[in-house]
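Geometric and topological summary
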Amino acid sequence: MPIITADCLNVTYPNRVEALHSFSLEMERGEFVAIVGPSGCGKSTLLRVLAGLLKPTSGTVILDGEPVTQPSRHVSLLFQEPSLLPWRTVEQNLRLPLEVGNPHAKLDLSGSESRVSDLIRLVGLEGFEHAHPRELSGGMARRAALARALITQPPVLLLDEPFGALDAMTRESLIASLESIWRVATTTGLMVTHSIRESIFLADRVVICTPRPGQVAGIVKINLPRPRNWEMEGLPEFIASKNEIRALLSL
Ligand code: ADP
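Residues numbered from 1 in each chain as written. Predicted model: local features only at pLDDT ≥ 70, side-chain atom pairs only at ≥ 80, totals over all residues. Heavy atoms only, no water.

Some thoughts on the domain arrangement of the protein chain
Accessible area lost during the coming together of the parts is what is often quoted as the interface size. Keep this limit in mind: Domain delimitation follows an automatic or database domain assignment. By definition, residues are in contact when any of their heavy atoms lie within 4.5 Å. In short, buried area is how much 1.4 Å probe accessible area vanishes from two parts on joining, totalled over both. Note on definitions: salt bridges are taken to be side-chain nitrogens of Lys or Arg within 4 Å of carboxyl oxygens of Asp or Glu. For the purposes of these results, a polar contact is taken to be a pair of N or O atoms within 3.5 Å, where, inside protein, one atom must be able to donate a hydrogen and its partner to accept one; residues adjacent in sequence count only when each atom of the pair is a side-chain atom. In this text, helices come from DSSP runs of H or I with a minimum length of four residues, and strands from runs of E with a minimum of two, each type numbered from the N-terminal end.
Domain assignment breaks the protein chain into domain 1 (1-74 + 156-229 + 241-251) and domain 2 (87-153). Each of domain 1 and domain 2 has a C-alpha centre, and the two are 24 Å apart. Taken together, the contact between domain 1 and domain 2 spans 17 residues of the former and 14 residues of the latter. Here domain 1 meets domain 2 over a buried area of about 1300 Å², counting both sides, of which 68% is carbon and sulfur. Of all residues in domain 1, R73, L157 and I181 give up the largest surface area on contact with domain 2, accounting jointly for 43% of the area buried on that side. For the interface between domain 1 and domain 2, the tally reads zero salt bridges. For the pair domain 1 and domain 2, the interface holds two residue pairs in polar contact (both at pLDDT 80 or more). The biggest single contributor to the side of domain 1 that touches domain 2 is helix α5 (residues 168-184), with seven residues.

What about the pairing of strand β2 (residues 18-27)?
Defined as follows: In this scheme, strands are said to pair when DSSP sees at least two bridges between them.
Where strand β1 (residues 4-12) and β2 come together, six bridges link them in antiparallel fashion. Looking at the pairing, V11 lines up with L20 of β2. In this structure, the hairpin formed by β1 and β2 is closed by a connection of five residues, where R16 is found at a positive phi of approximately 70 degrees.

Section: the side chain of R171
Along the polypeptide, R171 turns up in helix α5. A distance of 3.4 Å separates the side chain of R171 from the backbone oxygen of F163, its partner in a polar contact. Beyond its immediate stretch of four places on either side in the chain, R171 contacts E161, F163, G164, L166, T193, S195 and E198.

If you want it as structure tokens, here you go:
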């Protein structure tokens, strides 16, 4: 059974902008899906609907057999800005979602202390547990935000251009880290990105959206082996996927 089924989503905002039109997508448990599409085609709108932050005009989202009608601890959303609390250390920022809890479902806090240290190691922030956000580089702050998003072990992680504002080298290193974190985290992931090469590097499938209103223009399966590395960019499979995605985007 798919972990997420988005069926025939339509979103028209009160200003009559139609952001999504008949958008359907299924995701398998543990899968990583990337969404690429022109700016303004409704990608962020889709993530907000999947996270239960925005009610679609019509259509349904089913998560683990239950309709999504409000935010829940089953879905974590990671934005472009790391938005760490400046007065808290890295470790304290990671603990925040555990402290806030959830009024609808109690979090299982057993093992959470070792999870904090495991995640800090996993994202490469060992030695910075007691640092404050002002002491972190942009890339390190994103690593901390990623660890915080994973601390509640959400079955689904949604990523909205999480490394968008960073320089190219930092992005490459974060994308490679995310891929390796992915292989040990038991989460299903959906990432919106403007970068075709990053989508191929990370994803099992790349969903290509049409210009607004967003619809699925096509889906490209990525058959590259894991673990992945940037040297794979020269492989014929990588280049073929890139060409296929570009054609679906009409580039
Ligand atoms: P993307 O993430 O692909 O860039 P968005 O989902 O942010 O696209 O936006 C899709 C369209 O919906 C855009 O034309 C945008 O201007 C419009 N839009 C987004 N949010 C709102 C809103 N809250 N109210 C009205 N229009 C919106």
